[in-house]
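# Structural overview for review
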Amino acid sequence: MTTRPGSPRRAPAGAAVLREDVTEAIRAAVFEELAAVGFARMSIEGIARRAGVGKTAVYRRWKSKLSLVLDLLGAFATQGLPAPSTGSLYGDVRALLEVASHALRHPVASQVIPDLLVEAARQPEIADAIKAALLDSQQGVVAQIVREAVARGELPEGTNPERALDLVVGPLYWRLVVVRGELPKGYVDDLARSAVAALTA
């Protein structure tokens, strides 16, 4: 049997058709379940119940809760953060800090990230996924900020993007993820000025 050009392709007989709305419901349920009970206590049963589907629907897509979480972190890494382009080093640094602070203060993220960092110490797969999702994507953004600042003459040639990332985002992670404290009024502005001063020193 031949298929005419342009005609819709049929799934092979007996193949399971995975509905995208169900897949998205499961992904949303994973984040909610992680925030509610943590990775160690999270179960496929709990995810399925929260998503309003059967366990089979989850297992058709992922073989375990670890593979599910790794898939979600991988998707987050490919999305990445948008690189700001305000026309100045201070503006770019402040814009990056604003976006990062909102993301880290999200109720789900504030519960999920610390829990996954604990699990990363036990499971190398999670450590690698977190590195890709949180570190590698932000390194790319900061590298672009540095390149544009060098081109404008705001930073010297040879400025190290990894050091820039430590100076810019490191204090924010410390306060929101480790200390888990509130950000005082004007904190993002002060941190942006301090980071720029350190980079240009």
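Quick summary incoming for the structure in this document. Because the structure is a prediction, the values reported are computed rather than measured. Counting restarts for each chain, with residues numbered from 1 along the sequence as it is written. Local features in this predicted model are restricted to residues whose pLDDT is 70 or higher, and side-chain atom pairs enter the listing and the counts only when it is 80 or higher, whereas totals over whole chains, interfaces and linings include all residues. Water and hydrogen atoms were dropped before computing side-chain values, which therefore reflect all heavy atoms in the structure.

### Describing helix H5 (residues 89-105)
Which entries qualify depends on this criterion: In DSSP terms, a helix is any run of H or I states spanning at least four residues, a strand is any run of E spanning at least two, and both are numbered starting from the N terminus. By this rule the span expected of a helix is its residue count minus one, scaled by 1.5 Å. Partly exposed describes any residue whose relative accessible area lies between the buried limit of under 20% and the exposed limit of over 50%, with all areas from a 1.4 Å probe on protein chains only and scaled to the type maximum.
An ideal rise of 1.5 Å per residue puts 24 Å on 17 residues; H5 measures up with 24 Å between its terminal C-alpha atoms. Here H5 has its buried residues at Leu89, Gly91, Asp92, Val93, Leu96, Leu97, Ala100, Ser101 and Leu104.

### Here's the deal with the packing of helix H1 (residues 20-41) against helix H2 (residues 44-51)
Just so we agree on the cut-off: For every element, the axis is a line fit to its C-alpha atoms; helices are fit only across the contacting stretch, and the angle between N-to-C directions ranges from 0 to 180 degrees. Our angle categories are set so that under 35 degrees counts as roughly parallel, over 145 as roughly antiparallel, 65 to 115 as roughly perpendicular, and the remainder as oblique. The handedness criterion is simple: a crossing whose near helix is rotated anticlockwise from the far helix by less than a right angle is left-handed, and one whose near helix is rotated clockwise is right-handed. Whether two residues touch is decided by their heavy atoms; if any such pair falls within 4.5 Å, the residues are in contact. The residue classification treats Ala, Val, Leu, Ile, Met, Phe, Trp, Tyr, Cys and Pro as nonpolar and Asp, Glu, Lys and Arg as charged. All others, Gly included, are polar.
In the contact formed by H1 and H2, the axes pass within 8 Å of each other and the chain directions differ by 120°. Compared by their axis directions, H1 and H2 come out oblique. The handedness of the crossing between H1 and H2 comes out as right-handed. Contact with H1, carried on its side by Ala25, Ile26, Ala29, Val30, Glu32, Glu33 and Ala36, involves Gly46, Ile47, Arg50 and Ala51 of H2 and no other residues of that element. Among the residues forming the contact of H1 with H2, the class breakdown is 7 nonpolar, 1 polar and 3 charged.

### Focus: the nonpolar core
Generally speaking, soluble globular proteins have nonpolar side chains that are buried together. For clarity, the threshold we go by: Put simply, buried Ala, Val, Leu, Ile, Met, Phe, Trp, Tyr and Cys residues joined by side-chain atoms within 4.5 Å make one nonpolar core.
Of all hydrophobic cores here, the largest spans 30 residues; its most connected members are Val93, Leu97, Val168 and Leu172. Elements with a minimum of two residues in this core: H5, helix H7 (124-152), helix H8 (161-179) and helix H9 (187-200). With 8 residues, H8 is the single largest residue contributor to this core. Beyond its immediate stretch of four places on either side in the chain, Leu172 contacts Leu97, Ala100, Ser101, Leu104, Val177, Leu183, Tyr187 and Leu191.

### Points about empty space enclosed by the protein
So the rule is basically this: With a 1 Å grid laid over protein atoms only, a set of points is called a cavity when a 1.4 Å probe fits there but cannot get out and a pocket when it is open yet has protein on both sides within 12 Å along at least five of seven lines; lining residues have an atom within 4 Å of a point. Grid points are joined across faces, edges and corners, and a volume is the space filled by probe spheres set on the points.
Considering all chains together, one arrives at 2 cavities of 30 Å³ or more under this definition. Put simply, the largest cavity is a space of about 50 Å³. Taken together, Leu89, Val93, Leu96, Val142, Ile145, Val146, Ala164, Val168 and Leu199 make up the lining of the largest cavity. Looking at the lining of the largest cavity, the elements that each hand over two or more residues are H5, H7 and H8. What the second largest cavity holds in volume is close to 40 Å³. At the level of secondary structure, the elements contributing two or more residues to the lining of the second largest cavity comprise H1, helix H4 (65-79) and helix H6 (107-120). Partitioned by chemical class, the residues of the lining of the second largest cavity number 8 nonpolar, no polar and no charged.

### Thoughts on the packing of H8 against H9
Two elements in contact, H8 and H9, have axes separated by 9 Å at closest approach and are oriented at 155°. Taken together, the axes of H8 and H9 are roughly antiparallel relative to one another. Where H8 crosses over H9, the two elements pack in a sense that is right-handed. Contacts from Arg163, Ala164, Leu167, Val168, Pro171, Leu172 and Arg175 of H8 reach H9 at Tyr187, Leu191, Ala195, Ala198 and Leu199.

### Brief notes about the pattern of salt bridges
Short version of the rule: Each reported salt bridge corresponds to a side-chain nitrogen of Lys or Arg within 4 Å of a carboxyl oxygen of Asp or Glu.
The final tally for this structure, using the stated rule, is 11 salt bridges. Residue Arg27 pairs with Glu24 through a salt bridge whose shortest N-O separation is 2.8 Å. Of this pair, Arg27 and Glu24 both sit in helix H1, 3 residues apart, which is roughly one turn of that helix. Its relative accessible area of 24% is what places Arg27 among the partly exposed residues. For Asp190, the salt bridge is made with Arg193, and the minimal N-O distance between the two is 2.5 Å.

### Quick look at the environment of Val37
Positionally, Val37 belongs in helix H1. Classification of Val37 as partly exposed rests on a relative accessible area of 27%. A sequence separation of 78 residues divides Val37 from Asp115, and the C-alpha atoms of the two residues are 9.6 Å apart.

### Things to note about the environment of Val69
For Val69, the position within the fold is in helix H4. Once the C-alpha coordinates of Val69 and Phe39 are considered, the two residues, 30 residues apart in sequence, prove to be 8.9 Å apart. If we skip the residues at most four places from it in the chain, Val69 touches Val30, Leu34, Phe39, Met42 and Leu116.

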